[in-house]
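Take a look at the letters that make up each chain.
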Amino acid sequence: MGLKDLLSGGRRRAAAAAEAELRAAVTFDPGLAPLLQILGTEGLSDSVTFTEALSLPPVFAAINFLAQALSTLPVKVYARRPEGQADTAVEHPVAALLGEAANDTLTGHEFRRMLFSEVFGPGRGYAYLERDRKGDVINLFPLEYERTAVRRDGAGRIFYDYSRSDGSAVTYPARDVIDLAFMRRADYVSSRNPVLTCAGAIRQGLNASRYALTVFGRNGIPPYVLEGAMPSGDAARRASDDIAKVARRSAEEGKPILPLPAGFKLSRLGDDPDKMQLTPVQVFTVQQVARIYGLPPVFLQELSTGTYSNTEQQDLTLVKHTLAGRVAQVEAELSLKLFGRGAKLYVKHDLDALARGLFKDRTEALARAVNSGQLTPNEARERHGLGPLAGGSELFMQSGTLPIGLLVDKITAEIARGAAAPAPSDPASPGDPT
């Protein structure tokens, strides 16, 4: 056998293997062995790939929801002021990079959405900071998760090795890379993938979806069984074919009644989702994915127990316990990498954009804040998305509101004045001349 024959044989075997793999991907055998494997009686593995996990709607919805929610938050750059003075928002090119355009071809919103999709998907998102000669950041470029490797050198410094699409490799120091992880390990180099870490729960949902295909899929278990006296297997097959043809023709002609031969009965076979408990399993899968990502189930469209009141409370829970922690992590990473250690500038997200609620309630809350001197009218207008007006930068207070100390002094002074005043003279008696 020559080298040519050997290579051609290898190509034929590879082609046959690829063809077999393709057939396995699109063909489903409804026999007993695959069914037992789906039901878990054949020692089905609890492992799952990331691509498989994304095919489960709750996982896809959780990643998409969190990435969209965080990427739509307004981002501003603030400057720290001396103690006793409020930090103020400043105009800075970094705010434009994060909010308008990360680089010449990528918007700031899409850049952040891609970054958060990697954080909640594979578990880690990277971005390269391009600086000018002065060290200021001028562009932001996302780095693909699969092409990025993190390592620590002998001195303990972190470096990022990135494989470009042309095959070349480049190494970036940690100060030039935004690194957001879903959950870091103790070595700080590696991290945990939320999908693969909780593969068992996700596999359970995938198995339930796959089992549903055995009933509702094209190659699934037939939904009906024909019962009656049949002398042979050929007769049973012919009777089944005849019933199928009659059923198809009746459906096409819109006839509501299906005639059956005398002595035969058509029964359902395992196609009731309630009896098969498919619906509870799917609901439980949504709840499991919600636990993984710290989301209230209502945000994964699981509304079986949703009401107006508890849905509103879940909205507050989302902001307080899930998004607030993630936002704090992002703000710390961006502030350190964009401005450096000990800088007076920092990045801040506006979480009020997610907790606005009803217009009436928000307006009343801002009016109370203005009347109590907590906000100026212009600050309240800014929260409504309106511009400032002349005279609106002053603090106002209701005139009837006084500090307790001044109120005590005022009452004490009034009592003292009343005691020092002369007593009024008695009115003249009726008999006295006037």
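Further up the page is the structure itself.
Residues numbered from 1 in each chain as written. Predicted model: local features only at pLDDT ≥ 70, side-chain atom pairs only at ≥ 80, totals over all residues. Heavy atoms only, no water.

**Topic: empty space enclosed by the protein**
Across all of its chains, the model carries 2 cavities of 30 Å³ or more by this definition. By volume, the largest cavity is sized at about 40 Å³. Taken together, Leu98, Phe111, Arg112, Leu115, Phe116, Val330, Leu334 and His349 form the lining of the largest cavity. The set of elements that each furnish at least two residues to the lining of the largest cavity consists of helix H6 (108–120) and helix H12 (308–339). It is H6 that contributes the most residues to the lining of the largest cavity, 4 residues altogether. In the lining of the largest cavity, the residues fall into 6 nonpolar, 1 polar and 1 charged. (1 Å grid on protein atoms, 1.4 Å probe; cavity = no way out; pocket = protein on both sides within 12 Å on 5 of 7 lines; lining within 4 Å. Points joined across faces, edges and corners; volume = space filled by probe spheres on them. Helix = DSSP H or I, 4+ residues; strand = E, 2+ residues; numbered from the N terminus. Nonpolar A, V, L, I, M, F, W, Y, C, P; charged D, E, K, R; others polar.)

**What to know about the layout of surface pockets**
Looking at the largest pocket, its volume works out to about 680 Å³. Forming the boundary of the largest pocket are 22 residues, of which Lys76, Tyr78, Asp350, Glu382 and Arg383 lie nearest the centre. Element by element, the count of residues in the lining of the largest pocket is highest for helix H14 (residues 377–383), at 4 residues. Partitioning the lining of the largest pocket into residue classes produces 6 nonpolar, 6 polar and 10 charged.

**Points about the nonpolar core**
In terms of nonpolar packing, the biggest core is built from 51 residues, with Val59, Leu98, Phe120, Leu140, Ile202, Tyr293 and Leu338 touching the most fellow members. Every residue in contact with Leu98, bar those within four places of it in the chain, is listed here: Val75, Gly108, His109, Arg112, Leu140, Leu334, Leu338 and Val347. Formed by 10 residues, the second largest nonpolar core is a distinct cluster that contains Tyr126, Leu143, Tyr172 and Val189. (Core = buried A, V, L, I, M, F, W, Y, C linked by side-chain atoms within 4.5 Å. Buried < 20%, exposed > 50% of the residue type's maximum accessible area, 1.4 Å probe, protein only. Contact = heavy atoms within 4.5 Å.)

**So, the sheet that holds strand E5 (residues 148–152)**
Overall, antiparallel pairing links the 3 strands, which are arranged E5-E6-E7 in an open sheet. Of all strands in the sheet, those bounded by a partner on one side alone are E5 and strand E7 (169–173). Sheet twist, expressed as the mean angle between neighbouring strand axes with direction ignored, is 25 degrees. Taken together, the 5 bridges between strand E6 (residues 158–163) and E7 define a ladder with antiparallel strand orientation. Residue pairing across strands places Tyr160 opposite Tyr172, the latter belonging to E7. (Pairing = 2+ DSSP bridges. Axes fitted to C-alpha atoms, helices over the stretch in contact; angles between N-to-C directions.)

**Here's the deal with the sheet that holds strand E2 (residues 88–90)**
On the basis of which strands lie adjacent, the open sheet formed by 3 strands has the order E2-E1-E11 and antiparallel pairing. Looking at strand neighbours, the two that pair on one side only are E2 and strand E11 (345–349), the edges of this open sheet. Mean inter-strand twist for the sheet, computed between neighbouring axes without regard to direction, equals 50 degrees. Relative to E11, strand E1 (residues 75–79) runs antiparallel, the two sharing 5 bridges. Along E11, the bridge assignment pairs Val77 with Val347.

**Describing the side chain of Asn139**
Positionally, Asn139 belongs in strand E4 (residues 137–143). Taking relative accessible area as the criterion, Asn139 reaches 14% and is therefore assigned buried. Asn139 has contacts with Leu97, Ala102, Asn103, Asp104, Tyr128, Leu129 and Glu130, leaving out every residue within four places of it along the chain.

**Section: a nonpolar patch on the surface**
Together, Leu407, Ile411 and Ile415 make up a nonpolar patch on the protein surface, roughly 280 Å² of accessible area in all. Structurally, Ile411 can be placed in helix H15 (residues 404–420). (Patch = residues over 30% accessible without salt bridge, like charges linked within 9 Å, V, L, I, M, F, W, Y side chains within 5 Å. Areas by Shrake-Rupley, 256 points an atom, 1.4 Å probe, with all protein chains shown as cover. Salt bridge = Lys/Arg side-chain N within 4 Å of Asp/Glu carboxyl O.)

**Describing the packing of helix H4 (residues 57–71) against H6**
At a minimum axis separation of 8 Å, H4 and H6 run at an interaxial angle of 140 degrees. Judged by the angle between their axes, H4 and H6 are oblique. Read as a crossing pair, H4 and H6 show a hand that is right-handed. Here Ile63, Asn64, Leu66, Ala67, Gln68, Leu70 and Ser71 of H4 come into contact with H6, specifically with His109, Arg112, Arg113, Phe116, Ser117 and Phe120. In terms of residue class, the contact of H4 with H6 is made up of 6 nonpolar, 5 polar and 2 charged. (Parallel < 35°, antiparallel > 145°, perpendicular 65-115°, else oblique. Left-handed = near helix turned anticlockwise from the far one by under 90°.)

**Focus: unusual backbone geometry**
Although it is not a glycine, Tyr188 adopts a positive phi angle of roughly 70 degrees. Of note in the backbone geometry, Gln301 takes a positive phi value of approximately 65 degrees without being a glycine. Checked against the element boundaries, Gln301 lands in the loop between helix H11 (278–293) and H12.

**Things to note about the environment of Tyr162**
Topologically, Tyr162 is positioned in strand E6. Looking at Tyr162, the relative accessible area reads 12%, which means it is buried. Distance in space between the C-alpha atoms of Tyr162 and Glu144 is 8.5 Å, their sequence separation being 18 residues. Here Tyr162 is in contact with Leu143, Glu144, Arg147, Thr148, Ser168, Ala169, Val170 and Tyr172, once residues within four sequence places are set aside.

**A look at the pattern of salt bridges**
With the rule as written, the count across this model stands at 9 salt bridges. We note a salt bridge from Arg124 to Asp179, for which the minimum N-O separation is 2.7 Å. Of this pair, Arg124 sits in strand E3 (residues 124–131) while Asp179 sits in strand E8 (residues 177–181); the two residues are 55 residues apart in sequence, bridging distant segments of the chain. The same class applies to Arg124 and to Asp179, which are both buried. The closest approach of N and O atoms between Arg175 and Asp176, which form a salt bridge, is 3.4 Å. Put simply, Arg124, Asp179 and Arg184 are held in one network by salt bridges that share partners.

Note that every value here comes from positions in space, so none of it alone points to a role or purpose.
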